[in-house]
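Structural overview for review
The primary structure of each chain is shown beneath.
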Amino acid sequence: PRPVEALSIWEDARAMLTKARAEGIETAHERLQQQTPHCKFCELGVSCRNCTMGPCKITPKAPRGVCGADADVIVARNFGRFVAGGSAGHSDHGRDLVEVLESIVEGSTSDYRITDEAKLRRIAAELGVTVEDRSTMDIAAELIDIFYADFGSRKKEVAFLCRVPAKRRELWDRLGMTPRGVDREIAEMMHRTHMGCDNDAPNTLIHAARTALADGWAGSMIGTELSDVIFGTPQPSMSHANLAAIKKDKVNILVHGHNPVVSEMILAAAREPALIAEAEAMGAQGINVAGLCCTGNELLMRQGIPMAGNHLMTELAIVTGAVEAVVVDYQCIMPSLVQIAGCYHTLFIDTAQKARFTGAVHFDIHPHNALEQAREIVRMAVQAYARRDASRVQIPGEPVNIMTGFSNEAVIAALGGSLDPLVQAIAAGDIRGAVGIVGCNNPKFQQDSMNVGLAKELIKKDILVLVTGCVTTAAGKAGLLLPEAAEQAGPGLRKICGALGIPPVLHYGSCVDNSRILQLCAALANALGVDISDLPVGASSPEWYSEKAAAIGLYAVASGIYTHLGHPPHILGSQTVTDLAVSGLEDLVGASFFIEPDPVKAALAFDLRIRAKRKALGLGE
Ligand code: SF4
Ligand code: WCC
Ligand code: FE2
């Protein structure tokens, strides 16, 4: 086995990997070794299973599948479906929030309510809904119709395109990239990639971009905005991160997955005095809820709940032996968690009909029964505390403090009510540009080495960093989400952070909250009267693994944002597709991908790009 030092940069991860090995528990790292070397054809994207004349794989001796599809067509089709999968994930998450809002309006739930009425009214007005002299529920009802329609086929474009700079919208119209409806684009991608349909790789990729844009500017954006409406718009607050967020003397419940709909209820139940009393009666010092992955981000942003870990920490969190229950909804939940939980007293509880895990305890959670079900789950966790084996408990290290809660609303408030001070700071060169670092862990990389390495390099160059998803915990554990981290930034960024009391790396939320970054870029472009592709900004997913990350990367590029990936998607088997991704898209949409495994070199590439964009805007370097 590889030394644990090579697998992760973190002490808490290394300690738990060592414990897992001693206890005979297998993790993603071991399974990656079992899977290596990977199938070369799949890695290059040149295998096709889209019909039963195949499966086919492209080789120099067999350059076409049975139907005649060549490597370009097969790679483009596979990548298109990959992006459709990712877009479906975020967008179905967004739809779930529309359904919760609908339950609120219909009165079929009292567990959820509209927390940020002002935001609901603001969004409605933005989308052309009459808000004067109307009740919030009335407005909400109309908004629900608009958002449901965004998923369908009746529209020419999704609602939030009103936020996109005019130049960009014209460009999308010209290219056939304007997203019309979320489900429509996803379904059309499945159709196009059926045998005998879209057999022109660039054409398939344009639709892949349209599908991703439907995710970014509709599915994800609806998810973010309605989460704020229902659970509150994030405001800056303090919390902490790493495995020490798990408490030795408390009942520990880890929430994992993505949507705040379930995890907010678990948290609400865990805060109820009666259940806390039950925990104390079991000899515990209370109930501790900590987060994993994105639902952790959601609770962190709005409720200050600590983050136990990101993607590659999810197995290791259970290995502490101190977790009573892992409660999941959907996405990024390794099925191996069921087996690892089974090695301890840990309950693994799934809550969504669309994400069941063999061997899990299942709760069917819906808006009308959510809090009641959450209470039952918390009670089970409290009872599991009695079965904890103290001799197997090991919680490594001390938690690291973090500052969280940077919604655009919070940022604008911190700037005194408008984006102008930020525009001025960019114009003056104190902040030379901004890069969103987002996405995952992948056992193919030393955990968080690139996520953290890139963030550190960028802030040195006076480039503001925004983080979401699993990069949040990485940046947090590295101490970068604290105002003190400004000491590691260049002089300009240090000055601005000092004046505002903010970190040089801002936590912008979960993966669907990348829509907040899109919205910010659009607002900046509109403020300057330019297109998003003219801005000195970039995006990066250094250690990405998921279909969702590919969709995010593609909507970023299609929105005009130069985007870094630490490793390529499965497209290298097609020169046409690869060339388009890393350069051809630049001519079409004013941005492209670049692939770079070295964080120092990636930061240099961003630096060059930002330099060029600043010059073009007449801002000096
Ligand atoms: Fe083979 Fe074409 Fe069928 Fe794909 S669609 S499996 S390339 S015959
Ligand atoms: Ni978003 Fe990546 Fe984490 Fe999952 S939770 S692992 S897609 S970054
Ligand atoms: Fe996520």
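As the structure is a computational prediction, the values presented were derived from the model and not from experiment.

**Focus on the coordination of the nickel atom of ligand 2**
Its sole protein donor being Cys511 (SG), the nickel atom of ligand 2 sits 2.1 Å from that atom. Bound by four donor atoms, the nickel atom of ligand 2 shows angles of 92 to 136 degrees at the metal and therefore irregular coordination geometry. With respect to the helices, strands and loops of the structure, Cys511 is situated in the loop between β13 (505–509) and α22 (514–528).

**Notes on helix α9 (residues 182–192)**
Side chains that are three or four residues apart share a direction in an α-helix, a result of its 3.6 residues per turn. For α9, every residue scored as buried is listed here: Val182, Glu185, Ile186, Glu188, Met189 and Arg192. Buried residues of α9 fall within an arc of 160 degrees about the axis and therefore sit on the same side. In this fold, the buried residues of α9 make contact with α5 (71–106), α7 (136–151) and α10 (201–231).

**As for the site of ligand 1**
Within the structure, ligand 1 sits among Cys48, Asn50, Cys51, Met53, Gly54, Cys56, Gly65, Val66, Cys67, Ile74, Arg77 and Met195. Of the residues contributing to the shell around ligand 1, the split by class is eight nonpolar, three polar and one charged. A domain-level breakdown of the shell around ligand 1 finds at least three residues from each of domain 1 (4–57) and domain 2 (71–231).

**Let's talk about the coordination of the iron ion (ligand 3)**
Around the iron ion (ligand 3), the protein contributes the donor atoms His258 (NE2), Cys294 (SG) and Cys511 (SG), which lie 2.0 to 2.5 Å from the metal centre. Coordination at the iron ion (ligand 3) is irregular: its four donor atoms span angles of 81 to 159 degrees at the metal. Considered as a linear motif, the donors of the iron ion (ligand 3) on their single chain read H-x35-C-x216-C. The metal-metal distance between the iron ion (ligand 3) and the nickel atom of ligand 2 is 2.3 Å, with Cys511 serving as a donor to both. Residue His258 is found in the loop between β4 (251–256) and α11 (260–270), and its partner Cys511 is found in the loop between β13 and α22; the two are separated by 253 residues along the sequence. Taken individually, His258 and Cys511 each receive the classification buried, so the pair is uniform in this respect.

**Overview of the pattern of salt bridges**
All chains considered together, the criterion is met by 43 salt bridges. As a salt-bridge pair, Lys354 and Asp96 come within 3.2 Å of each other at their nearest N and O atoms. Within this pair, whereas Lys354 is found in the loop between β8 (347–350) and β9 (361–362), its partner Asp96 is found in helix α5, the two being separated by 258 residues in sequence. Residue classification places Lys354 among the partly exposed positions, given a relative accessible area of 47%. Asp96 gets classed as buried once you look at its relative accessible area, which sits at 14%. A salt bridge links Glu278 to Arg379; the nearest nitrogen and oxygen atoms lie 3.2 Å apart. Of this pair, Glu278 sits in helix α12 (residues 273–281) while Arg379 sits in helix α16 (residues 370–384), placing them 101 residues apart in sequence. A single salt-bridge network, built from bridges that share partners, covers Lys119, Arg122, Glu126, Arg163, Glu225, Asp228, Glu298, Arg302, Glu409, Asp513 and Arg516.

**What to know about the site of ligand 2**
If you check the shell around ligand 2, you find His258, Cys293, Cys294, His311, Cys332, Gly439, Cys440, Cys470, Cys511, Tyr545, Ser546 and Lys548 and nothing else. Taken together, the residues that form the shell around ligand 2 break down as seven nonpolar, four polar and one charged.

**Quick look at helix α21 (residues 491–500)**
Among all positions of α21, only Gly492, Leu493, Ile496 and Cys497 are buried. Axial view of α21: buried residues confined to an arc of 125 degrees, hence all on one face. Exposed positions of α21 whose direction lies more than 90 degrees from the buried face are Pro491, Lys495, Gly498 and Ala499. Looking at the packing, one finds that the buried side of α21 touches α18 (420–428), α19 (449–460) and β12 (463–468). Positive backbone phi, at 65 degrees, marks Gly501, one or two positions downstream of α21.

**Digging into the packing of α10 against α22**
Two numbers describe how α10 lies on α22: the axes approach to 8 Å, and their chain directions differ by 105 degrees. Comparing the axis directions of α10 and α22 gives the class roughly perpendicular. Within the contact between the two elements, α10 uses Gly216, Trp217, Ser220, Met221, Thr224, Glu225 and Asp228 and α22 uses Ser515, Arg516, Leu518, Gln519 and Ala522. For the contact of α10 with α22, the class distribution of residues is four nonpolar, five polar and three charged.

**Some thoughts on the sheet that holds strand β15 (residues 562–565)**
Taken in spatial order, the six strands of this open sheet run β13-β12-β11-β14-β15-β16, and their pairing is parallel. The open sheet is flanked by β13 and β16 (593–595), the only strands paired with a single partner. Along the sheet, successive strands turn relative to each other by an average axial angle of 25 degrees, direction set aside. For strand β11 (residues 433–437) and strand β14 (residues 537–541), the ladder comprises four bridges, and the chain directions are parallel. Bridged to Ala434 within β14 is Val537.

**Thoughts on the nonpolar core**
Core analysis: the biggest nonpolar cluster contains 215 residues, and Phe147 and Trp217 have the highest contact counts within it. Ranked by the residues each element gives to this core, the list is headed by α10, at 16 residues. With sequence-adjacent residues up to four places away left out, Trp217 is seen in contact with Val158, Phe160, Leu161, Arg163, Val164, Trp172, Leu518, Ala522, Ile532 and Ser559.

**Side note on the packing of α5 against α10**
Closest axis-to-axis distance for the α5/α10 pair is 8 Å, and the angle between their directions is 20 degrees. Judged on the interaxial angle alone, α10 and α5 are roughly parallel. Here α5 runs over α10; the crossing is left-handed. Residue composition of the contact of α5 with α10, grouped by class: 18 nonpolar, 12 polar and three charged.

**Regarding a nonpolar patch on the surface**
A contiguous nonpolar surface patch, about 270 Å² in accessible area, is contributed by Met53, Val66 and Met195. If you trace the backbone, Met195 turns up in the loop between α9 and α10.

**Remarks on the domain arrangement of the protein**
When cut into domains, the protein gives domain 1 (4–57), domain 2 (71–231), domain 3 (243–392) and domain 4 (404–616). One C-alpha centre belongs to domain 3, the other to domain 4; they are set 31 Å apart. At the boundary of domain 3 with domain 4, total buried surface from both sides reaches about 1600 Å², with 63% on carbon and sulfur atoms. Taken as a group, Met301, Asn310 and Leu312 account for 39% of the area that domain 3 buries against domain 4, more than any other trio of residues on that side. Run the count over domain 3 and domain 4 and you get zero salt bridges. Between domain 3 and domain 4 we count 11 residue pairs in polar contact (both at pLDDT 80 or more) in total. Put simply, the parts of the chain that give the side of domain 3 that touches domain 4 at least two residues each are α13 (293–303) and β6 (307–309). Of all the elements, α13 adds the most residues to the side of domain 3 that touches domain 4, at seven residues.

Here is what the cut-offs are and how they apply
- Residues numbered from 1 in each chain as written.
- Chains lettered and ligands numbered in written order.
- Predicted model: local features only at pLDDT ≥ 70, side-chain atom pairs only at ≥ 80, totals over all residues.
- Heavy atoms only, no water.
- Donors = N, O, S within 2.8 Å, 3.2 Å for Na, K, Ca; no water.
- Tetrahedral: all angles 85-135°; square planar, octahedral: opposite > 155°, others 65-115°.
- Helix = DSSP H or I, 4+ residues; strand = E, 2+ residues; numbered from the N terminus.
- Buried < 20%, exposed > 50% of the residue type's maximum accessible area, 1.4 Å probe, protein only.
- Arc of directions from axis to C-beta.
- Contact = heavy atoms within 4.5 Å.
- Near = heavy atom within 4 Å.
- Nonpolar A, V, L, I, M, F, W, Y, C, P; charged D, E, K, R; others polar.
- Domains from an automatic or database assignment.
- Salt bridge = Lys/Arg side-chain N within 4 Å of Asp/Glu carboxyl O.
- Axes fitted to C-alpha atoms, helices over the stretch in contact; angles between N-to-C directions.
- Parallel < 35°, antiparallel > 145°, perpendicular 65-115°, else oblique.
- Pairing = 2+ DSSP bridges.
- Core = buried A, V, L, I, M, F, W, Y, C linked by side-chain atoms within 4.5 Å.
- Left-handed = near helix turned anticlockwise from the far one by under 90°.
- Patch = residues over 30% accessible without salt bridge, like charges linked within 9 Å, V, L, I, M, F, W, Y side chains within 5 Å.
- Areas by Shrake-Rupley, 256 points an atom, 1.4 Å probe, with all protein chains shown as cover.
- Buried area = accessible area lost by both parts, 1.4 Å probe.
- Polar contact = N/O pair within 3.5 Å; in protein donor to acceptor, adjacent residues only side chain to side chain.

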